Amino acid sequence: MPVNLALYTNDEVSREHLRIRHDSAQGRFLIADKSMNGTWLNGKRLKRGVEESFTGRAEISVGEVITLHFEAK
């Protein structure tokens, strides 16, 4: 089930900045940067358009403006 989360900040946050999806078969999450200003996963900058996997906990930085603490329960 898709969920959209609007982050109203400034021009460094894109309309569709990143995408997170759950791979239930593998028991992991995947994140992809879709922006021009970058997304960081646990301090590592993601390559634009390339999915990176992570477990149910992560710190996600959005365009160096917002830090999200992701935790799946």
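Okay, so let's go over this structure.

## As for the overall build of the chain
Then, number 1: Along the chain, the regular secondary structure elements total zero helices and seven strands.
Then, number 2: For the chain, the N- to C-terminal ordering of α and β elements is β-β-β-β-β-β-β.
Then, number 3: Whereas a compact globule of 73 residues would reach a radius of gyration of roughly 11 Å, the chain reaches 12 Å, a difference of no more than 12%.
Then, number 4: Along the three orthogonal principal directions, the C-alpha set of the chain runs to about 35 × 25 × 20 Å.
Then, number 5: For the chain, the exposed surface amounts to about 5,500 Å²; the carbon and sulfur share of it is 46%.
Then, number 6: Looking at the chain, you have 11 positive and 10 negative side-chain charges, and the mean spots of the two groups are 5 Å apart.

## Here we look at the sheet that holds strand β1 (residues 18–23)
Then, number 1: The strand order across the open sheet built from three strands is β1-β2-β5, with neighbouring strands paired in antiparallel fashion. Of all strands in the sheet, those with a lone pairing partner are β1 and β5 (52–54), marking the two edges. For this sheet, the mean angle separating the axes of adjacent strands, direction not counted, is 30°.
Then, number 2: Both strand β2 (residues 28–33) and β5 contribute to a ladder of three bridges, which runs antiparallel. Across the sheet, Ile-31 pairs through a bridge with Glu-52, a residue of β5.

## What to know about the nonpolar core
Then, number 1: In this structure, Val-13, Phe-29, Ile-31, Leu-41, Leu-46, Phe-54, Ala-58, Ile-60, Val-62 and Ile-66 together form the largest nonpolar core, which totals ten residues.
Then, number 2: Among the elements of the structure, β2 and β6 (57–62) are those that each provide at least two residues to this core.
Then, number 3: Counting residues per element, this core draws most heavily on β6, at three residues.
Then, number 4: If sequence neighbours within four positions are ignored, Leu-46 has contacts with Ile-31, Asp-33, Thr-39, Leu-41 and Glu-52.

## Re the pairing of β1
Regular strands show a simple pattern: their side chains alternate between the two faces of the sheet.
Then, number 1: Of the strand pairs in this sheet, β1 and β2 are connected by six bridges, and their pairing is antiparallel. For Asp-23, the partnering residue across the bridge sits in β2 and is Arg-28.
Then, number 2: The hairpin turn running from β1 into β2, its antiparallel successor, is four residues long, and Gly-27 in that turn takes a positive phi close to 65°.

## Overview of unusual backbone geometry
Then, number 1: Its identity as a non-glycine residue notwithstanding, Asn-42 has a phi of 50°, on the positive side.
Then, number 2: Structurally, Asn-42 is set in the loop between β3 (39–41) and β4 (44–45).
Then, number 3: Take Asn-42: its relative accessible area is 48%, and that puts it in the partly exposed class.

What counts, and at which threshold
Residues numbered from 1 in each chain as written. Predicted model: local features only at pLDDT ≥ 70, side-chain atom pairs only at ≥ 80, totals over all residues. Heavy atoms only, no water. Helix = DSSP H or I, 4+ residues; strand = E, 2+ residues; numbered from the N terminus. Rg over C-alpha atoms; globule rule 2.2 N^0.38 Å. Areas by Shrake-Rupley, 256 points an atom, 1.4 Å probe, with all protein chains shown as cover. Lys, Arg positive; Asp, Glu negative; His and termini not counted. Charge placed at Lys NZ, Arg CZ, Asp CG, Glu CD. Pairing = 2+ DSSP bridges. Axes fitted to C-alpha atoms, helices over the stretch in contact; angles between N-to-C directions. Core = buried A, V, L, I, M, F, W, Y, C linked by side-chain atoms within 4.5 Å. Buried < 20%, exposed > 50% of the residue type's maximum accessible area, 1.4 Å probe, protein only. Contact = heavy atoms within 4.5 Å.

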